[in-house]
Amino acid sequence: MKFYAFTKRLRNEKRPKPTIKDGERRKGMSTVIEDIIARKVFNTRGEETIEVDVITTSGFGRASAPAGESRGKAEVIYYPQGGVDQALKKVEEVIAPEIVGLNADFQEEIDRTMHEIDGSKDFRVIGGNTAFAISLANAEAAANSYGIFLFQYLGGQVANELPCPLGNTISGGKHTHGKSPDIQEFLALPYGAESFLEAANANATIHRKVGAALKKKDKLFSGGKSDEGAWVAHIGNLDALEVLAKACEEVSNELGFECGFGVDVAASSIWDEKQKAYLYAREGKKRDSGEQLEFISEIIKKYHLAYVEDPFHERDFEGLAELTRKIKNCLICGDDLFVTNIERLSRGIKMRAGNAVIIKVNQVGTLTDAWETIEMAKRNGYTPVMSHRSGDTCDWHIAHLAVAFRCPIIKTGVVEGTRIAKINELIRIEEFLGDRAKMASIPTIKGG
Ligand code: PEP
Ligand code: CA
């Protein structure tokens, strides 16, 4: 796989480590990696995470890693034993010595080198988040060395489509405590917007209206929000759907374009293996797999849902395939099920399970791995949805990745600092593209 080979490949095995002086002597831009610095920072939950700086002869890149709360079991392991401190040691002692001296614009080589150093299937030795932060900081450093933006560097001239923002308005499930909905996320998707700015405005307006409606509906509502900035209220699943449906309808009418919506069931969180049933504690209901299929099909039809994520637990490919056969004009997306993993996605494709896939680069470790999964998805008619994590940092790179890799949707929240970092970056990208900018279309929803 090639990203953008701007320079001739330099074999580097025996190359002496460059110094800044070597770099200065070189004419023009150079992407030779001079140094890698890793440090401990914090995410929105106050958890420790890793941030990495990659310094090339002509540029600089920085990236930090997010963290999931409702993680898929098949995700890579975030950190080696010993956590972030141990990850920092690994960067210093085993990764930097191998990577310093390579060219940052050979992304595949950097990513492969990290796989080789690690040697496991799930990055348990160096940590998936360590690989993630280096991979992304490296791509940013390469782009910066050429004096261009990351989305231009990875996507080239043709990268001019803005993704539609899929924004969380009400939180439930593992992202909350107490008497909130069992379904994890109630998401707005303003797919009729003609610009990203309009779409972001629609989501902010929907979020505001949802907050006002919850204040009336829930006597105990305190205005509290989850990590992702979505409202937390003492209401049931169907109440939440009613509130969001009404807000989306009003905003569609006010703004003059279609604002759809959907849910992330995150069904692994409510699946009880012993009872072989989904436990809807808030509702006081238990649904076996057949009843779950019925329930999800009913809410899709009743509320005209445009998007449903992980309606079955993470091993139930068959359940997802059955729903996909039954339902039209709705994105049926796998997150915990596929975990951005090419083998799991290819199993899903063979069974025609789902028609969309969440892309969380840190589920799989490197940019190259995620890119390969995206390409496979697109070749097989699956919509890739670039996504944040519930515990995130102000790192905005996924905004660039969504544009570069032509993901028609970005799932990144509506409000809250680390979500706004991505939204505002997309507004800047749209402005930068000027007349060339257009909104990506989502075939499954628009007349699919
Ligand atoms: C999600 O489930 O889509 C999500 C963002 O949650 P987490 O990051 O907790 O996996
Ligand atoms: Ca999810």
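Rules used throughout
Residues numbered from 1 in each chain as written. Chains lettered and ligands numbered in written order. Predicted model: local features only at pLDDT ≥ 70, side-chain atom pairs only at ≥ 80, totals over all residues. Near = placed C-beta within 6 Å. Nonpolar A, V, L, I, M, F, W, Y, C, P; charged D, E, K, R; others polar. Domains from an automatic or database assignment. Helix = DSSP H or I, 4+ residues; strand = E, 2+ residues; numbered from the N terminus. Expected span 1.5 Å × (residues − 1). Buried ≥ 20, exposed ≤ 12 C-beta atoms within 10 Å, placed from the backbone. Arc of directions from axis to C-beta. Contact = placed C-beta atoms within 7 Å. Pairing = 2+ DSSP bridges. Axes fitted to C-alpha atoms, helices over the stretch in contact; angles between N-to-C directions.

A. Structural view of the site of ligand 1. In the vicinity of ligand 1, the contacting residues are Gly-68, Glu-69, Ser-70, Arg-71, Asp-264, Ala-266, Asp-335, Ser-387, Arg-389 and Ser-390. In terms of residue class, the shell around ligand 1 is built from one nonpolar, four polar and five charged. Composition of the shell around ligand 1 by domain shows at least three residues from each of domain 1 (20-147) and domain 2 (161-439).

B. A look at helix α14 (residues 417-433). In a regular helix each residue adds 1.5 Å, so 17 residues correspond to 24 Å; α14 covers 24 Å between its end C-alpha atoms and thus fits that length. When α14 is considered as a whole, its buried residues turn out to be Thr-418, Arg-419, Lys-422, Ile-423, Glu-425, Leu-426, Ile-429 and Glu-430. Take α14 and look down its axis: the buried residues cluster within an arc of 155°, on one side only. Residues Gly-417, Glu-431 and Phe-432 are exposed on α14 and point more than 90 degrees away from its buried face. Check the buried side of α14 and you find it contacts α5 (150-155), β4 (161-162), β5 (164-171), α6 (196-217) and α13 (397-404).

C. Highlighting the sheet that holds strand β9 (residues 277-280). Strand order across the open sheet formed by three strands is β8-β9-β10, with antiparallel pairing between neighbours. Of all strands in the sheet, those bounded by a partner on one side alone are β8 (271-272) and β10 (285-287). Direction of pairing for β8 relative to β9: antiparallel, over a ladder of two bridges. Across the sheet, residue Trp-271 finds its bridge partner in β9, namely Tyr-278.

D. Geometry of the sheet that holds strand β14 (residues 383-387). Around the barrel, which closes on itself, the eight strands sit in the order β5-β6-β7-β11-β12-β13-β14-β15 with mixed pairing between neighbours. In this sheet, neighbouring strand axes are inclined to one another by 30° on average, regardless of whether the strands run parallel or antiparallel. Across four bridges, the pairing between strand β13 (residues 356-359) and β14 is parallel. Across the sheet, Ile-358 pairs through a bridge with Val-385, a residue of β14. The sheet contacts of α6 involve β5 and β6 (185-189), and relative to β5 the element is tilted by about 10°.

E. Up close: the domain arrangement of the chain. The assigned domain composition of the chain is domain 1 (20-147) and domain 2 (161-439). Computed from C-alpha atoms alone, the centre-to-centre distance between domain 1 and domain 2 is 28 Å. Across the boundary between the two partners, domain 1 contributes 32 residues, which contact 30 residues of domain 2. Broken down by secondary-structure element, the contributors of at least two residues to the side of domain 1 that touches domain 2 are β3 (60-64), α3 (107-118) and α4 (128-146). Among the elements that take part in the side of domain 1 that touches domain 2, α4 stands out by supplying eight residues, more than any other. Here the side of domain 1 that touches domain 2 is composed, by residue class, of 13 nonpolar, 11 polar and eight charged.

F. Main features of the pairing of strand β7 (residues 260-264). Among the five residues that make up β7, five are buried, leaving the element largely enclosed by the rest of the structure. The pairing of β6 with β7 spans five bridges and is antiparallel. Paired with Leu-187 across the strands is Gly-262, a residue of β7.

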